[in-house]
Amino acid sequence: MTSASPRPLRTVTAAVVQASAPLFDTRAAVARAEELLREAAGRGAEVVVLPEAFLGGYPKGLDFGVTVGSRTPAGRDLFRRCHAAAVEIPGPETGALAAVTRELGCHAVVGAVERRGSTLYCVALFFGPGGYLGLHRKLMPTAAERFLWGQGDGSTLPVIDTGTARIAAAICWENYMPLFRTAMYAKGVDLWCAPTVDDRDAWQATMRHIALEGRCFVLGANQYLRRDALPADLRPVQGDEPDTVLIGGGSVIVSPLGEVLAGPLRDSEGILTAVLDLDDLARARFDLDTTGHYARPDIFTLHVDESPHTTVTSGRPLPEQR
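Residues numbered from 1 in each chain as written. Predicted model: local features only at pLDDT ≥ 70, side-chain atom pairs only at ≥ 80, totals over all residues. Heavy atoms only, no water.

Peer 1: Now, about helix 5 (residues 202-214): what can you tell me, with residues and values included?
Peer 2: The first and last C-alpha atoms of helix 5 sit 19 Å apart over 13 residues, in line with the 18 Å expected at 1.5 Å per residue. Taken together, the buried positions of helix 5 are Trp203, Gln204, Thr206, Met207, Ile210, Ala211, Glu213 and Gly214. (Helix = DSSP H or I, 4+ residues; strand = E, 2+ residues; numbered from the N terminus. Expected span 1.5 Å × (residues − 1). Buried < 20%, exposed > 50% of the residue type's maximum accessible area, 1.4 Å probe, protein only.)

Peer 1: Explain the nonpolar core to me, and be specific about the residues and the numbers.
Peer 2: Counting 48 residues, the largest nonpolar core has Val109, Ile167, Leu191, Leu219, Ile253 and Leu276 as its most contacted members. A total of 4 residues in this core trace back to one element, the largest contributor, which is strand 6 (residues 119-128). Apart from the residues lying within four places of it in its own chain, the contact partners of Ile167 are Val47, His107, Val109, Phe126, Pro158, Val159, Ile160, Thr162, Leu191 and Cys193. Formed by 29 residues, the second largest nonpolar core is a distinct cluster that contains Val30, Leu37, Val100 and Leu135. (Core = buried A, V, L, I, M, F, W, Y, C linked by side-chain atoms within 4.5 Å. Contact = heavy atoms within 4.5 Å.)

Peer 1: How would you summarise the pattern of salt bridges if you had to cite specific residues and measurements?
Peer 2: Tallied over the entire structure, the rule returns 24 salt bridges. A salt bridge links Arg200 to Asp198; the nearest nitrogen and oxygen atoms lie 2.7 Å apart. Beyond isolated ion pairs, a larger network of salt bridges with shared partners links Arg32, Glu35 and Glu269. (Salt bridge = Lys/Arg side-chain N within 4 Å of Asp/Glu carboxyl O.)

Peer 1: Lay out the pairing of strand 5 (residues 107-116) with the relevant residues and their values.
Peer 2: Side-chain direction in a regular strand flips from residue to residue, so the side chains alternate between the two faces of the sheet. For strand 5, the tally of buried residues reaches 9 of 10 residues, placing the bulk of the element in the interior. Pairing of strand 2 (residues 47-49) with strand 5 involves 3 bridges; the strand directions are parallel. Each residue of the ladder has a partner; that of Val48, found in strand 5, is Ala108. Alignment of strand 5 against strand 6, held across 9 bridges, turns out to be antiparallel. (Pairing = 2+ DSSP bridges.)

Peer 1: Describe the sheet that holds strand 2, naming the residues involved and giving the relevant values.
Peer 2: Taken in spatial order, the 6 strands of this open sheet run 7-6-5-2-1-15, and their pairing is mixed. If you trace the sheet from one side to the other, it starts and ends with strand 7 (131-137) and strand 15 (270-277), each paired once. Adjacent strand axes in the sheet meet at a mean angle of 30 degrees, parallel and antiparallel pairs treated alike. Here strand 1 (residues 11-18) runs beside strand 15; their pairing, made up of 8 bridges, is antiparallel. (Axes fitted to C-alpha atoms, helices over the stretch in contact; angles between N-to-C directions.)

Peer 1: Could you give an account of empty space enclosed by the protein, naming the residues involved and the relevant values?
Peer 2: Taken as a whole and judged by the stated rule, the model has 3 cavities of 30 Å³ or more. Of the pockets and cavities examined, the largest cavity occupies roughly 60 Å³. (1 Å grid on protein atoms, 1.4 Å probe; cavity = no way out; pocket = protein on both sides within 12 Å on 5 of 7 lines; lining within 4 Å. Points joined across faces, edges and corners; volume = space filled by probe spheres on them.)

Peer 1: Break down the state of the cysteines for me, citing the residues and quoting the values.
Peer 2: With the rule as written, the count across this model stands at 0 disulfides. Looking at Cys216, it has no disulfide partner, and the nearest cysteine sulfur is the one in Cys193, 9.6 Å off. By relative accessible area, Cys216 is classed as buried at 0%. (Disulfide = S-S within 2.5 Å.)

Peer 1: Break down unusual backbone geometry for me, with residues and values.
Peer 2: Glycine aside, residues mostly have negative phi angles, and peptide bonds mostly take the trans form. Each neighbour pair has its own omega, and for Ile89 with Pro90 the value is -5 degrees, a cis peptide bond. By the element assignment, Pro90 lies in the loop between helix 2 (73-85) and helix 3 (92-104). Backbone torsion omega between Gly263 and Pro264 reads -5 degrees, so that peptide bond is classified as cis. Relative to the elements of secondary structure, Pro264 occurs in strand 14 (residues 260-266). At Cys172, a residue that is not glycine, the phi angle is positive and equals roughly 50 degrees. Here Cys172 is to be found in the loop between strand 9 (166-169) and helix 4 (178-185).

Here it is as structure tokens:
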């Protein structure tokens, strides 16, 4: 009797991009994103993750003239510049990146700042061979980000099925929200994308913990940002020398058992790649599935409201209102 031939490996090549784009220059940011997507795809990447706020920019080290109970005219004008640099979705920027992923036949998660009316949102944009696929709005801006960005609601918690793996995104400190993580684990995330600007050593523990807890691959993409990428008239608190590092990187790729497959990358821009064995997902979930066989629904339940929340709605009045 001949033995059966081994089943072929199910793999995905993933890339995380560590880079930044010039602040307040949206056209240059889109061109840089296109360049980086092509470079990653040229290395064989089928899934590419770019950092938080890559389009629109992350104004690290700027205080916007905010003190408790007071805002300055200069700070208001700085916000105006952020507002002008943000992208409308859908719009020409998403159209340009959609054209690139259609051409390359890859999936991509791109951090951006969305302009929706007079409010800005930190978002993760999803693209694929079919073009633009949707977005996730950051649920809770961190600390001083709250005077720049609004809060997303439960209507933008997508999981994208690529046909081989399921992709979702948690932006920066959303990764510290246990109920958010639980809600996404329940959707069967395989590739957990984490666009961020957190360059602390402690962030590495977070990335490995989520990989272990969610039994998923974690793709952490961080910015590497220097002072010379900011306009000359700005004064970041970190210092004004051109080579002052404002965001120090730390991009990483982690396996479902918490093993570091690539990175962390420090002190420079770059692209990390790794070939992900998707059978490792089942191997890892053998002894831990936090919303499946390792859950206790008789004790713990979580309700997630995924409806959109708007201030003003319109429609036909109810019968008693006529």
